[in-house]
Amino acid sequence: MGSGAAMACAQGVLERVQGGGKMVIAHRESSVPFSYLDPKSAKPIGYAVDLCLHLAETVRRKTGMKDMAVEFVQVTPANRVSVVEQGQADLECGSTTNNAERRQKVAFTVPHFITGARLLVPAASSATRLEDLAGKKIVSTKGTTPLKAVDQANRERLMGLTILEAPDHARAVEMVEKGEADAFVMDDVLLYGLAAGRPDPQALKVVGRFLTTEPLAIMLPKNDPAFKKVVDDEMRRLVNSREIYAMYDKWFARPIAPANRALNLPVSYLLRDFWKYPTDQVPF
């Protein structure tokens, strides 16, 4: 960590913005519909990106810095935590699970989604759960929670799975399409999004019970209570006023880029329950 980054951490986001500094938002390349690049404009778009831009606007209002600049930085599953931890981004707008291991390095706000890992398989596959894939090849994305979960299930249940690591979600889907893997284990919402964007969405299907419970939340720096309070208060307000439901519907119920298809994914029972008492404290 350079002295600039160390100072930024010590200083706090709100103070930096008040001093004329910019706000930096981390985004992903292909986490549809949370955070991905619009094929037309090549700009970051998505449900989490909308939330982050809204939170940036809240910071603008709180600090009175009307001309505060917002800069985007692209991150991957492998480097997203360290980018926030090292002060290179103020908010990470993606599909990142709030878990105990990551909480040692970064903070999280109120979850914007709760999902779980399931299986993406070819439409013709007879597999309906992980057990049906014993002895087969399973792919997951490097540096993700589902990869750890399937690895653990394989060890504990002696399933004889060959576990392959893909560098990103898009490559993992391709491996299933090409028959290089029998299933792709990932958060079901990402699987729906990835499948909807493929040339032949009908050739793939999502199956299986939830292997994990993943509360997805925006990451922010760990030791910046003033900034975290602004973010948490606004997230709670969005949930309690139900404004977040309209933001949700825009990305999960209506047609979206790149394929202009709807994911048709209603708010899950887990998320609906969690939003009754919105908090950054997750029981997982």
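Further up the page is the structure itself.
Residues numbered from 1 in each chain as written. Predicted model: local features only at pLDDT ≥ 70, side-chain atom pairs only at ≥ 80, totals over all residues. Heavy atoms only, no water.

## A closer look at the sheet that holds strand 10 (residues 137-141)
Inference 1: Pairing in this open sheet of five strands is mixed, and the strands run 11-10-12-9-13 from one edge to the other. Two strands close off the open sheet at either side, each with one partner strand: strand 11 (162-166) and strand 13 (204-207). Between one strand and the next, the sheet's axes are offset by a mean angle of 30°, whatever the strand orientation.
Inference 2: Sheet analysis places strand 10 next to strand 12 (residues 183-187), joined by two bridges and oriented parallel. Bridge pairing in strand 12 links Ile138 to Ala183.
Inference 3: Running over the sheet, helix 7 (residues 169-177) touches strand 9 (117-122), strand 10, strand 11, strand 12 and strand 13 and is turned about 150° from strand 12.
Inference 4: Sitting on the sheet, helix 8 (residues 188-196) touches strand 9, strand 12 and strand 13, and the angle it makes with strand 12 is about 120°. (Pairing = 2+ DSSP bridges. Helix = DSSP H or I, 4+ residues; strand = E, 2+ residues; numbered from the N terminus. Axes fitted to C-alpha atoms, helices over the stretch in contact; angles between N-to-C directions. Contact = heavy atoms within 4.5 Å.)

## Comments concerning the pattern of salt bridges
Once their charged atoms are close, side chains differing in charge can pair, the charge on each being opposite to the other.
Inference 1: A full pass over the atoms with the stated rule returns 22 salt bridges.
Inference 2: Residues Asp273 and Lys276 are paired through a salt bridge, measuring 3.3 Å at the closest nitrogen-oxygen approach.
Inference 3: In the salt-bridge network here, residues are joined through shared partners; they are Arg171, Glu174, Lys178 and Glu180. (Salt bridge = Lys/Arg side-chain N within 4 Å of Asp/Glu carboxyl O.)

## A word on the state of the cysteines
Inference 1: Per the stated rule, a full pass over the model turns up one disulfide.
Inference 2: Shown here is the disulfide that connects Cys52 with Cys93, its sulfur atoms set 1.8 Å apart. When the S-S torsion is -105°, as for the bridge of Cys52 with Cys93, the disulfide is left-handed. Placement of Cys52 in helix 3 (residues 47-63) and of Cys93 in strand 6 (residues 91-93) is noted, with a sequence separation of 41 residues between them. Across this residue pair, the class does not change: Cys52 and Cys93 are buried. (Disulfide = S-S within 2.5 Å. Buried < 20%, exposed > 50% of the residue type's maximum accessible area, 1.4 Å probe, protein only.)

## So, the sheet that holds strand 3 (residues 35-37)
Paired through their backbone hydrogen bonds, the strands of a sheet run either parallel or antiparallel.
Inference 1: Overall, antiparallel pairing links the three strands, which are arranged 2-3-4 in an open sheet. Two strands bound the open sheet, and with one partner strand each, they are strand 2 (30-31) and strand 4 (44-45).

## Considerations on the packing of helix 3 against helix 9 (residues 225-240)
Helices that pack against each other are described as a pair by the angle of their axes relative to one another and the distance between those axes.
Inference 1: Direction vectors running N to C along helix 3 and helix 9 enclose 120°, while the axes themselves pass 10 Å from each other. As far as their axial angle goes, helix 9 and helix 3 are oblique. Taken as a pair, helix 3 and helix 9 cross one another with a handedness that is right-handed. Of the residues in helix 9, those in contact with Leu51, His54, Leu55, Thr58, Val59 and Lys62 of helix 3 are Phe227, Val230, Val231, Glu234, Met235, Arg237 and Leu238.
Inference 2: Looking at the contact of helix 3 with helix 9 residue by residue, the class counts come to eight nonpolar, two polar and three charged. (Parallel < 35°, antiparallel > 145°, perpendicular 65-115°, else oblique. Left-handed = near helix turned anticlockwise from the far one by under 90°. Nonpolar A, V, L, I, M, F, W, Y, C, P; charged D, E, K, R; others polar.)

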